[in-house]
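Results of the structural survey
Here are the chains, one letter per residue:
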Amino acid sequence: MKHILFVCLGNICRSPMAEEVFRTLAARAGRADEFSVDSAGLIDFHEGELPDMRMREHASRRGYCLTHHSRPVRPDDFRKFDLIVGMDEQNIKGLQRMAGSADGTAKIVRMADYLTRSSAPYVPDPYYGSDKDFELVIDLLEEACTELLGRL
């Protein structure tokens, strides 16, 4: 089984959406039992909270149900997970500082590295944005998670 952790800043928009998109795609492909998927944030400000209401609303319109409760990245995540996927450069740098070893650092990848049609350099944080920004994030995550699943 492959263990995958999706990470953004607060774990209330991008990373729980990526977790659910990947889980849904794996289930549709008949591969759900091949993966253990989770998400976390670099900060603990929203710990225990559900994803942002706007992200839940946009996700629901596309058939996704976000029920994850925010949690921060923990040191043992670098041992438990095979792949740790950051949404932007700030996330990548924060994860690299936390990794604690070359083995931990080697597990860190950029979500944008799995974009095949879009040329976005990262998955932007929609928190201070509009409905359009939340929709863009879901589009990017569906594209990237499709490619990630295909590569695994």
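The following paragraphs examine the structure supplied in this document. Quick caveat, the model's predicted, so the values are computed rather than measured.

**Structural notes on the overall build of the protein**
A tally of helices and strands in the protein yields six helices and four strands. In sequence order, the secondary structure elements of the protein are arranged as β-α-β-α-α-β-α-α-β-α. For the protein, the C-alpha radius of gyration of 14 Å lies close to 15 Å, the compact-globule estimate for 152 residues. Per-residue burial over the protein gives 49% buried out of 152 residues. Long-range contacts, defined here as pairs at least 24 residues apart, represent 75% of the contacts in the protein between residues at least 6 apart. Counting every atom, the protein has about 7,400 Å² of accessible surface; 49% of that belongs to carbon and sulfur. Once the 20 positive and 25 negative side-chain charges of the protein are each reduced to a mean point, those two points are 2 Å apart.

**Here we look at the pairing of strand E3 (residues 83-86)**
The side-chain alternation of E3 yields two buried faces, one formed by Leu83 and Val85 and the other by Ile84 and Gly86. One ladder, built from four bridges, connects strand E1 (residues 2-8) with E3; its direction is parallel. Among the inter-strand pairings, Phe6 is bridged to a residue of E3, identified as Val85. Bridging between E3 and strand E4 (residues 108-110) involves three bridges; their strand directions are parallel. By the bridge assignment, Gly86 is partnered in E4 with Arg110.

**Here's the deal with the pattern of salt bridges**
Considering all chains together, one arrives at 15 salt bridges under this definition. The salt bridge involving Asp139 is made with Arg62; its shortest N-O contact spans 2.7 Å. Highlighted residues: Asp139 in helix H6 (residues 131-151) and Arg62 in the loop between helix H2 (53-61) and helix H3 (77-80), separated in sequence by 77 residues. By relative accessible area, which is 37% here, Asp139 ends up partly exposed. Judged by its relative accessible area of 24%, Arg62 is partly exposed. A salt bridge links Glu89 to Arg110, with the nearest nitrogen and oxygen atoms 2.5 Å apart.

**Observations regarding unusual backbone geometry**
Most peptide bonds adopt trans geometry, and most residues besides glycine take a negative phi value. Its identity as a non-glycine residue notwithstanding, Asn11 has a phi of 65°, on the positive side. Along the polypeptide, Asn11 turns up in the loop between E1 and helix H1 (14-28).

**Focus: the sheet that holds strand E2 (residues 35-41)**
Taken in spatial order, the four strands of this open sheet run E2-E1-E3-E4, and their pairing is parallel. Unpaired on one side and paired on the other, E2 and E4 mark the two borders of the sheet. When the angles between neighbouring strand axes are averaged without regard to direction, this sheet yields 25°. The strands touched by helix H4 (residues 89-98) within the sheet are E1, E3 and E4, with E4 carrying the most contacts at an inclination of about 175°.

**A closer look at the environment of Thr67**
With respect to the secondary-structure elements, Thr67 resides in the loop between H2 and H3. For Thr67, a relative accessible area of 53% puts it in the exposed group.

Rules behind the numbers
- Residues numbered from 1 in each chain as written.
- Predicted model: local features only at pLDDT ≥ 70, side-chain atom pairs only at ≥ 80, totals over all residues.
- Heavy atoms only, no water.
- Helix = DSSP H or I, 4+ residues; strand = E, 2+ residues; numbered from the N terminus.
- Rg over C-alpha atoms; globule rule 2.2 N^0.38 Å.
- Buried < 20%, exposed > 50% of the residue type's maximum accessible area, 1.4 Å probe, protein only.
- Contact = heavy atoms within 4.5 Å.
- Areas by Shrake-Rupley, 256 points an atom, 1.4 Å probe, with all protein chains shown as cover.
- Lys, Arg positive; Asp, Glu negative; His and termini not counted.
- Charge placed at Lys NZ, Arg CZ, Asp CG, Glu CD.
- Pairing = 2+ DSSP bridges.
- Salt bridge = Lys/Arg side-chain N within 4 Å of Asp/Glu carboxyl O.
- Axes fitted to C-alpha atoms, helices over the stretch in contact; angles between N-to-C directions.

Functional significance is not addressed by these values, which are geometric in nature.
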